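Spelled out from the first residue to the last, the chains are:
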Amino acid sequence: MKQHPTITHFASYEEMSKAAAKLVTHYVFKTNANLALPTGGTPIGMYKELVEKNLDWANVRTFNLDEYYPINIDSQQSYYYYMYENLFSTLKNHQSPQISFPHAYYDNHISSAGGLDLAVIGVGNNGHIAFNEPGSEPNSETRIVKLDKQTIEDNARFFDSIEDVPTHSITMGISTIFKAREILILAQGKSKLEILKKGLWNKETKDIPVSWLRKHRNLKVFYCD
Ligand code: PGA
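Each residue is numbered by its place in its chain's sequence as written, counting from 1. Residue-level local features of this predicted model are given only where pLDDT is at least 70; pairs of side-chain atoms are given and counted only at 80 or more, and the full residue set underlies all totals for whole chains, interfaces and linings. Side-chain calculation: all heavy atoms of the structure are included, whereas hydrogens and water are not.

Novice: How would you sum up the pattern of salt bridges? Please name residues and give values.
Specialist: By definition, a salt bridge exists where a carboxyl oxygen of Asp or Glu is found within 4 Å of a side-chain nitrogen of Lys or Arg. Considering all chains together, one arrives at eight salt bridges under this definition. Note that Lys-18 and Glu-14 form a salt bridge whose closest N and O atoms lie 3.3 Å from each other. Note that Lys-18 and Glu-14 are positioned in helix 1 (residues 13–29) at a spacing of four residues, about one turn of the helix. Using a 1.4 Å probe on the protein chains alone, a residue whose accessible area is under 20% of its type maximum counts as buried, one over 50% counts as exposed, and one in between counts as partly exposed. For Lys-18, a relative accessible area of 42% gives the class partly exposed. Residues participating in the shared-partner salt-bridge network are Glu-14, Lys-18 and Glu-49. A run of H or I in DSSP becomes a helix once it reaches four residues, and a run of E becomes a strand once it reaches two; helices and strands are each numbered from the N terminus.

Below you can see the structure in the form of structure tokens.
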């Protein structure tokens, strides 16, 4: 077994986004693929590439990783809005996937659909994955969590002011993500590289939630400066 996961460095954001879109496309072509999808700044390029490919998503089920709680889904800051803006609204009706966002029975929903084939995720500056903040346990499932101070500060850029950032979210758990048959982490910027190395190249710790993924059998980590 490898000592620690490899972090693949891409020369540019565009190249990383293209490689991520290529992997997702592979699953979109597979019938009945179940994909966990991220939001945030990092995957925007991947969604752009996917939109250009004009794929038929009709046989795919998508499960978003997380959503603010509570949030008006029509507001521009909701992850629901983000997904429609960046992907779903660009697809023709008959090419749309079955779309899901976290809810109280999400884990049952995902497992009865056959489990996740691929989870594409980002990482926070504090090492969070989805909204599993520091302190998250490896056996955690979908639940409502309080957002970390660092996350609220990082996400304030998407709101008029930091006071407008919701204090809570509903997120897939670490175990929900870990059960995915393949995981792709996307990260951009030096501080993300630092937290990835700390998390993935050392012992697992709940202080750095991404570290729980270090022993996943099929983990890819894509990074660019
Ligand atoms: P970002 O968010 O892509 O906006 O940096 C990543 C995350 O917090 O998971």
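Novice: Lay out the site of the ligand with the relevant residues and their values.
Specialist: Throughout, the term near means that a residue has one or more heavy atoms lying within 4 Å of the molecule or strand in question. For the ligand, the full set of nearby residues is Gly-40, Gly-41, Thr-42, Gly-122, Val-123, Gly-124, His-128, Arg-157 and Lys-192. One nitrogen or oxygen atom from the side chain of His-128 is found 2.7 Å from an oxygen atom belonging to the ligand. For the purposes of these results, a polar contact is taken to be a pair of N or O atoms within 3.5 Å, where, inside protein, one atom must be able to donate a hydrogen and its partner to accept one; residues adjacent in sequence count only when each atom of the pair is a side-chain atom. Here an oxygen atom of the ligand sits 3.0 Å away from a polar atom, N or O, in the side chain of Arg-157. Every accessible area reported is derived by Shrake-Rupley at a probe size of 1.4 Å, with residue values counting cover from the shown protein chains alone. For the ligand, whose accessible area on its own is 280 Å², the fraction buried by protein is 83%. Its residues assigned to classes, the shell around the ligand comprises one nonpolar, six polar and two charged. Gly falls in the polar group here, along with every residue not listed as nonpolar (Ala, Val, Leu, Ile, Met, Phe, Trp, Tyr, Cys, Pro) or charged (Asp, Glu, Lys, Arg).

Novice: Would you mind going over the pairing of strand 2 (residues 34–37) in detail, with residue names and values included?
Specialist: Alternating positions in strand 2 separate into two faces, Asn-34 and Ala-36 on one and Leu-35 and Leu-37 on the other, with burial throughout. The pairing of strand 2 with strand 3 (residues 61–64) spans four bridges and is classified as parallel. Residue pairing for strand 3: Leu-35 is matched across the bridge by Thr-62. Strands pair, by our definition, only if DSSP identifies at least two bridges between them.

Novice: If you had to explain the packing of helix 1 against helix 2 (residues 44–53) to someone new, which residues and values would you point to?
Specialist: Look at helix 1 against helix 2: their axes get within 8 Å of each other, and the N-to-C directions meet at 55 degrees. Compared by their axis directions, helix 1 and helix 2 come out oblique. Handedness of the crossing formed by helix 1 with helix 2: right-handed. Each of Tyr-13, Glu-14, Ser-17, Lys-18, Ala-20, Ala-21, Val-24 and Thr-25 in helix 1 lies in contact with helix 2, whose residues at this interface are Ile-44, Gly-45, Met-46, Glu-49, Leu-50 and Lys-53. Axis definition: a line fitted to C-alpha atoms, over the contacting stretch in the case of helices. Angles run 0 to 180 degrees between N-to-C directions. Any angle from 65 to 115 degrees is called roughly perpendicular, while one under 35 is roughly parallel, one over 145 is roughly antiparallel, and all others are oblique. Each crossing gets its handedness from the near helix: less than a right angle anticlockwise from the far helix is left-handed, clockwise is right-handed. Throughout, a residue-residue contact means that at least one pair of heavy atoms, one from each residue, lies within 4.5 Å.

Novice: Residue-level account of the packing of aromatic side chains, with values.
Specialist: In this scheme Phe, Tyr and Trp rings, the latter by its six-membered ring, pair at centre separations within 6.5 Å, and the angle between planes marks the pair as stacked below 30 degrees, edge-to-face above 60, and tilted otherwise. All told, the structure shown has 10 aromatic pairs when counted by the stated rule. Taking 4.9 Å as the distance between ring centres and 65 degrees as the angle between the ring planes, the aromatic pair formed by Phe-10 and Phe-222 counts as edge-to-face. With Phe-10 in strand 1 (residues 7–10) and Phe-222 in strand 10 (residues 219–224), this pair connects stretches of sequence that are 212 residues apart. Owing to a relative accessible area of 18%, Phe-10 belongs among the buried residues under this scheme. Between Tyr-80 and Tyr-84, the ring centres sit 4.9 Å apart and the planes meet at 40 degrees, which makes this aromatic pair tilted.

Novice: Tell me what's going on with the environment of Asp-148, and back it up with residues and numbers.
Specialist: Relative to the assigned elements, Asp-148 resides in the loop between strand 7 (143–146) and helix 5 (149–155). We classify Asp-148 as partly exposed; its relative accessible area is 25%. On a C-alpha basis, the gap between Asp-148 and Phe-131 in space is 8.9 Å, while along the polypeptide they are 17 residues apart. Apart from the residues lying within four places of it in its own chain, the contact partners of Asp-148 are Asn-126, Glu-133 and Pro-134. A distance of 2.8 Å separates a polar atom in the side chain of Asp-148 from a polar atom in the side chain of Asn-126.

Everything listed is a geometric property; what it means functionally is a separate question.
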